[in-house]
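Spelled out from the first residue to the last, the chains are:
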Amino acid sequence: MKKIDIDTFLTYKCASTPRFSPDGKKLAFIVNQPQPEENGYGSDLYIYDLDSRKVRPLTFRRHIGVYAWTGAQEIVFSDRTADDDETSYFCQNIVCGDARHYFTAPGRARSLYALDNGKLAVLQNIFIGEETPDTAYEVMTEVPFWSNGAGFTYRRRTGIFIYDPQGNRLEKITEPFEDCLGMDVMDHRILYTSYSWTDVRPVKPGMRLYDCRSGSVREIMAPGEMFIGAAVLCGNDSVIFAATDGTRYGQNQYMDFYQAELASNRTRRVRSYGYSIGGNTVGTDVRAGSGNPVLFNNGKVYFLTTIGESGILKSLDVSGDMELSGDLTNTGSCDSFDVSGEHLAVCGFFGDRLSELYVDGCPVTNFSKTLDGYTIAAREYIKVPSRDGTMIHGFVMKPVDFDPEKTYPAILNIHGGPRTVFGGIFHHEMQMLAARGYFVFYCNPRGSDGRGNVFGDIDGRFGTIDYEDIMAFTDGVLKHYPQIDAGCLGVMGGSYGGFMTNWIIGHTDRFKAAVSMRCVTNWISMEFMSDIGSFFVPQSMGASAFDDVLRLWEQSPLKYAGNCKTPTLFIHSDEDYRCPLAEGMQMFAALKLVGCKTRLCVMKGENHELSRSGRPSRRIRRMKEIVAWMDEHLKGGLDTERQVEV
């Protein structure tokens, strides 16, 4: 049997974004895969015939972004390019013919819907300035001034356009400074959440309904009233949406379900709900693509949610009754779905499989066959009590070729967020480390998703109870697995996991090696440099630099850098605007100044998503850096892995 190696991910394919044809007889979905020769990724449309049960590709070597059925045999799709100034849309008959250019829209595509009159509604991120942006310099008059993965954002907004193929006309229906967060379409109506802003972007959108026949706009909820999440049209008379007033936990408070009755202008809470709505947060480094997070069908609202360590699919009817939807969706990670009549299509990760397409609970694709012949390290689920008795859930991977008579080094991996989870699904990087002879263990401390508001609330307490939970979990793992050499422990993590790695090395020297990636080091600089800092830092820290700068400093790992003795590798990207490069640089410089062994690797042209969707060569280089650092300090290995061209 072969062992999973650093570059094995180059062979992976993943299914996403399933959508039934209007007649329910066909199902389209996107297949994503690395393209090493281009140092990038491709995404193509595939078609599944429900009668013949056969799958076939529709496009070849495309870069499909968004798509929509415009008839029983016709699909319109965008083809992604590196140009943010415009998006090309193509139309293709699924039975015969090649794709033909359909229309061009300004900016970057976000979503695409077909209306009942043959028109299309597109959501595009566009430049709204009076002058064409000058590539020689940047202007900033707004906060945020940049966005991770999108670069500088001066005068950029996400607006809704309607394309009329009969007149070949593209019309913008949203206001000049209006920023749209999402939309839903039913017949001739478009529901969307948005706010208009200049100077500083707000956090509470409003909700509007546009009638394509009359051209009228109706405000269902004004901006500034509530935090609003997913929203869907339910027939002609109501809207179901997720929202919270944030009175107890601010914008981190889990949302409830509300119904807006269009005829009476009344809004009522349909059901309280203590978990995420409209998405799942189960972590993996091989996910690609997205799809429907919420939709209305068969008189029910179907939505993705994270409960425990799983991303699952549930449904809610307007009376407030809720149920699981489908046998497959109560474990693992349901990533996207669609419903047509009695048929349910799901794309997601279940067990040690890559993301596959399942229809009515049965697998349609078998992209996981690429893992045939490889030894997969099994995960063992474990619960450990923290200091106050709260049970912390997590997983342990034994090294491939594990021998109970031997001892092994071990690596603690900490997830990002913090409002995400590690679950029981395939994770390439951790499989690779287990294949190289490491125990790998990871948990969901307080602050993680899936266990309600009380468990998920660590606002103002970063580095306190979550640190205790992670240390207690580490102690529990060492107790349950005596084959782990307690003198050869490593720790690694990215984003929030990078913050926690930085915090750990300033508060204990039990780890002999650390890798801190896309990290947070200094909450004071984060508040004013991160693309989400202006609202994330005051909410998460319970203070702003304007009113309690000392509190931010107390919770900053940089304050404790003088205590560090752990050899630490920092990996950061120069276009990471979520946790900017300066965060890694500050901690690196501090460790150098106090004489702690350290190394900083800056990945050029990459952003916060390096480990998940960065250029394949950069992902390979990143993992080589990690392996070399851990081998050197936990195994006494030589620094040979880094000598590669990228």
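Every value quoted in this text rests on a predicted model; they were computed, and no experiment measured them.

Q: Sorry, what's going on with the overall build of the protein here?
A: Scanning the protein from N- to C-terminus turns up 10 helices and 40 strands. Each of the three principal axes of the protein carries a C-alpha extent, and together these read 70 × 60 × 55 Å. For the protein, long-range pairs separated by at least 24 residues make up 56% of all intrachain contacts whose partners lie at least 6 apart in sequence. Within the structure as shown, the protein displays about 25,700 Å² of accessible surface, and the carbon and sulfur contribution to it stands at 48%. Averaging the locations of the 68 positively and 81 negatively charged side chains of the protein gives two centres separated by 3 Å.

Q: What is the right way to look at the sheet that holds strand β8 (residues 86-93) in this model?
A: To summarise the sheet geometry, strands pair through backbone hydrogen bonds and adopt either a parallel or an antiparallel arrangement. Taken together, the 4 strands give an open sheet; going across it, the order is β6-β7-β8-β9, and neighbouring strands pair in antiparallel fashion. The open sheet is flanked by β6 (64-71) and β9 (100-106), the only strands paired with a single partner. Strand-to-strand twist in this sheet, taken as the mean axis angle between neighbours without regard to direction, amounts to 25°.

Q: How should I be thinking about the packing of helix α3 (residues 465-480) against helix α4 (residues 496-505) in this particular structure?
A: Two numbers describe a pair of packed helices, the interaxial angle and the distance between the axes. One can describe the packing of α3 onto α4 by two numbers: an axis separation of 11 Å at closest approach and a directional angle of 80°. One way to sum up the angle between α3 and α4 is to call them roughly perpendicular. Taken together, the residues of α4 that come into contact with α3 (itself represented by D466, Y467, I470 and M471) are Y496, M500, W503 and I504. Residues of the contact of α3 with α4, tallied by class, amount to 7 nonpolar, no polar and 1 charged.

Q: Which parts of the structure should I look at to understand unusual backbone geometry?
A: Leaving glycine aside, a negative phi is the common case for residues, and trans is the common case for peptide bonds. The omega angle of the peptide bond from V143 to P144 is 10°, so this bond is cis rather than trans. In this fold, P144 is placed in the loop between β11 (120-127) and β12 (146-147). In this structure, the amide linkage connecting G417 to the following residue, P418, adopts the cis form with an omega of 10°. Its location among the elements puts P418 in the loop between β35 (408-414) and α1 (428-435). At T17, a position not held by glycine, the phi torsion is positive, near 55°. Locating T17 in the fold gives a position in strand β2 (residues 14-20). Phi at D187 is positive, roughly 55°, even though this residue is not glycine.

Q: Hey, could you run me through the pattern of salt bridges in this one?
A: Pairing between side chains of opposite charge can happen when their charged atoms approach one another. Throughout the structure, instances matching the rule amount to 34 salt bridges. One salt bridge connects E38 with R61, and the closest N-O pair in it is separated by 3.2 Å. Taken together, the positions of E38 in the loop between β3 (26-35) and β4 (40-49) and R61 in the loop between β5 (54-57) and β6 put the pair 23 residues apart, joining distant regions of the chain. As a salt-bridge pair, E625 and R599 come within 3.0 Å of each other at their nearest N and O atoms. One end of the pair, E625, is in helix α10 (residues 616-635); the other, R599, is in strand β40 (residues 598-603), with 26 residues separating them in the sequence.

Q: How should I be thinking about the nonpolar core in this particular structure?
A: Generally speaking, a soluble globular protein has its nonpolar side chains buried in company with each other. If you look at the biggest cluster of nonpolar residues, it comprises 54 residues, and the most contacted ones within it are M500, I504 and W523. In terms of residue count, α3 provides more of this core than any other element does, 7 residues in total. Leave out the neighbours within four places in its chain, and I504 touches I414, Y467, I470, M471, V491 and F511. A377, F395, V421 and L433 belong to the second largest nonpolar core, which has 44 residues in total.

Parameters at a glance
For every chain, the first residue of its written sequence is number 1, and the numbers climb from 1 along that sequence. Per-residue local features are limited, in this predicted model, to residues with pLDDT of at least 70; the limit for side-chain atom pairs, both in listing and counting, is 80 or more; totals at the level of whole chains, interfaces and linings are taken over all residues. Computation of side-chain values covers all heavy atoms of the structure but excludes hydrogens and water. Each helix is a run of DSSP H or I of at least 4 residues and each strand a run of E of at least 2, with the numbering of both proceeding from the N terminus. Whether two residues are in contact is decided by their heavy atoms: any pair within 4.5 Å suffices. Note on areas: Shrake-Rupley, 1.4 Å probe, and residue coverage restricted to the protein chains presented here. Charge assignment: positive for Lys and Arg, negative for Asp and Glu; neither His nor the chain ends contribute. By convention, the point assigned to a charge is CZ for Arg, NZ for Lys, CD for Glu and CG for Asp. Two strands qualify as a pair provided that DSSP identifies no fewer than 2 bridges between them. Lines fitted to C-alpha atoms define the axes here, with helix axes fitted over just the stretch in contact, and angles between the N-to-C directions of these axes take values from 0 to 180 degrees. We call two directions roughly parallel when the angle between them is under 35 degrees, roughly antiparallel when it is over 145, roughly perpendicular when it lies between 65 and 115, and oblique otherwise. Classification convention: Asp, Glu, Lys, Arg as charged; Ala, Val, Leu, Ile, Met, Phe, Trp, Tyr, Cys, Pro as nonpolar; all other residues, Gly among them, as polar. Between Lys or Arg on one side and Asp or Glu on the other, a salt bridge is scored when a side-chain nitrogen of the former is within 4 Å of a carboxyl oxygen of the latter. Grouping buried Ala, Val, Leu, Ile, Met, Phe, Trp, Tyr and Cys residues that are joined through side-chain atoms within 4.5 Å yields what is termed a nonpolar core. Burial status follows relative accessibility: with a 1.4 Å probe on protein chains alone, a residue under 20% of its type maximum counts as buried, one over 50% as exposed, and anything between as partly exposed.

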